[in-house]
Amino acid sequence: QVQLKESEGGLVQAGDSLRISCAASGRTFSDYAMGWFRQAPGKEREFVATISRGGTITYYADAVKGRFTISRDNAKNTVNLQMNSLKPEDTAVYYCAADRDWGDNIYSPLGYTYWGQGTQVTVSS
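Visitor: How do you make sense of the overall build of the chain when you look at a structure like this?
Guide: In terms of helices and strands, the chain carries 0 helices and 11 strands. Moving toward the C terminus, one meets the helices and strands of the chain in the order β-β-β-β-β-β-β-β-β-β-β. Over its C-alpha atoms the chain spans a radius of gyration of 13 Å, differing by no more than 12% from the 14 Å that the globule rule assigns to 125 residues. Dimensions of the chain, computed from the C-alpha atoms along their principal axes, are close to 40 × 25 × 25 Å. By residue count, 43% of the 125 residues in the chain fall in the buried class.

Visitor: How should I be thinking about the environment of Asp-16 in this particular structure?
Guide: Mapped onto the secondary structure, Asp-16 falls in the loop between β2 (10-13) and β3 (18-25). Judged by its relative accessible area of 31%, Asp-16 is partly exposed. Placed 69 residues apart in sequence, Asp-16 and Ser-85 show a C-alpha to C-alpha distance of 5.5 Å. Among all residues touching Asp-16, those that are not within four sequence positions of it are Met-83, Asn-84, Ser-85 and Leu-86.

Visitor: Mind showing me how you'd approach the pairing of strand β5 (residues 46-51) here?
Guide: Regular strands place side chains that alternate from one sheet face to the opposite one. Extensive coverage of β5 is indicated by the burial of 5 of its 6 residues. Pairing between strand β4 (residues 33-39) and β5: 5 bridges, direction antiparallel. When the sheet's bridge partners are listed, Arg-38 is paired in β5 with Glu-46. Here β4 folds back onto β5, and the loop between the two strands holds 6 residues, one of which, Gly-42, carries a positive phi near 80 degrees. Relative to strand β6 (residues 58-60), β5 runs antiparallel, the two being bridged by 3 bridges. What sits directly across from Ile-51, in β6, is Thr-58. Adjacent in sequence and paired antiparallel, β5 and β6 are bridged by 6 residues, among which Gly-55 carries a positive phi angle near 85 degrees.

Visitor: Any chance you could explain the state of the cysteines here in plain terms?
Guide: By definition, a disulfide links the sulfur atoms of two cysteine residues through a covalent bond. What the rule picks out here adds up to 1 disulfide. Across the disulfide from Cys-22 sits Cys-96; the S-S distance is 2.0 Å. Note on the Cys-22 and Cys-96 pair: the S-S dihedral is about 40 degrees, so by sign convention the disulfide is right-handed. Remark: Cys-96 occurs in strand β9 (residues 92-99) and Cys-22 occurs in strand β3; sequence separation between them is 74 residues. Its relative accessible area of 0% is what places Cys-96 among the buried residues.

Visitor: Got a minute to help me understand the sheet that holds β3 in this structure?
Guide: Sheet strands pair by backbone hydrogen bonding; their relative direction is either parallel or antiparallel. With respect to topology, 4 strands assemble into an open sheet ordered β1-β3-β8-β7, the strand pairing being antiparallel. With partners counted over all chains shown, the strands left at the sheet margins are β1 (3-6) and β7 (68-73), one partner each. Recorded for the sheet is a direction-independent mean angle of 15 degrees between the axes of neighbouring strands. Sheet topology note: the β7/strand β8 (residues 78-83) ladder contains 6 bridges and is antiparallel. The partner of Thr-69 across the bridge, within β8, is Gln-82.

Thresholds applied
Residues numbered from 1 in each chain as written. Predicted model: local features only at pLDDT ≥ 70, side-chain atom pairs only at ≥ 80, totals over all residues. Heavy atoms only, no water. Helix = DSSP H or I, 4+ residues; strand = E, 2+ residues; numbered from the N terminus. Rg over C-alpha atoms; globule rule 2.2 N^0.38 Å. Buried < 20%, exposed > 50% of the residue type's maximum accessible area, 1.4 Å probe, protein only. Contact = heavy atoms within 4.5 Å. Pairing = 2+ DSSP bridges. Disulfide = S-S within 2.5 Å. Axes fitted to C-alpha atoms, helices over the stretch in contact; angles between N-to-C directions.

Okay, here's the thing in structure tokens:
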């Protein structure tokens, strides 16, 4: 069992930057690939970014590529999402997720077993 807890999000203006983190506990963090997803009101949960166990491989959704950066610190059991040049359409609840298997469904919520409770990020225009 892996427990995940996201840091507090926030309310920012368009063009601002925000960094959110996710702290993991319960199992060996480096055994798990990590992902970030988001869900806006009335929409399905969508893939944002994912990072391999060692942190050397990352993938991003087209909508955030070049603006968001996912990183992890296996010594501190944390995964981070640095969000730059934020847009109102980035407004959503952001979730971190973990799974031991990385390769199948890495872009889908179905590919992750463990989830945090989510944190609200709101970008005003």
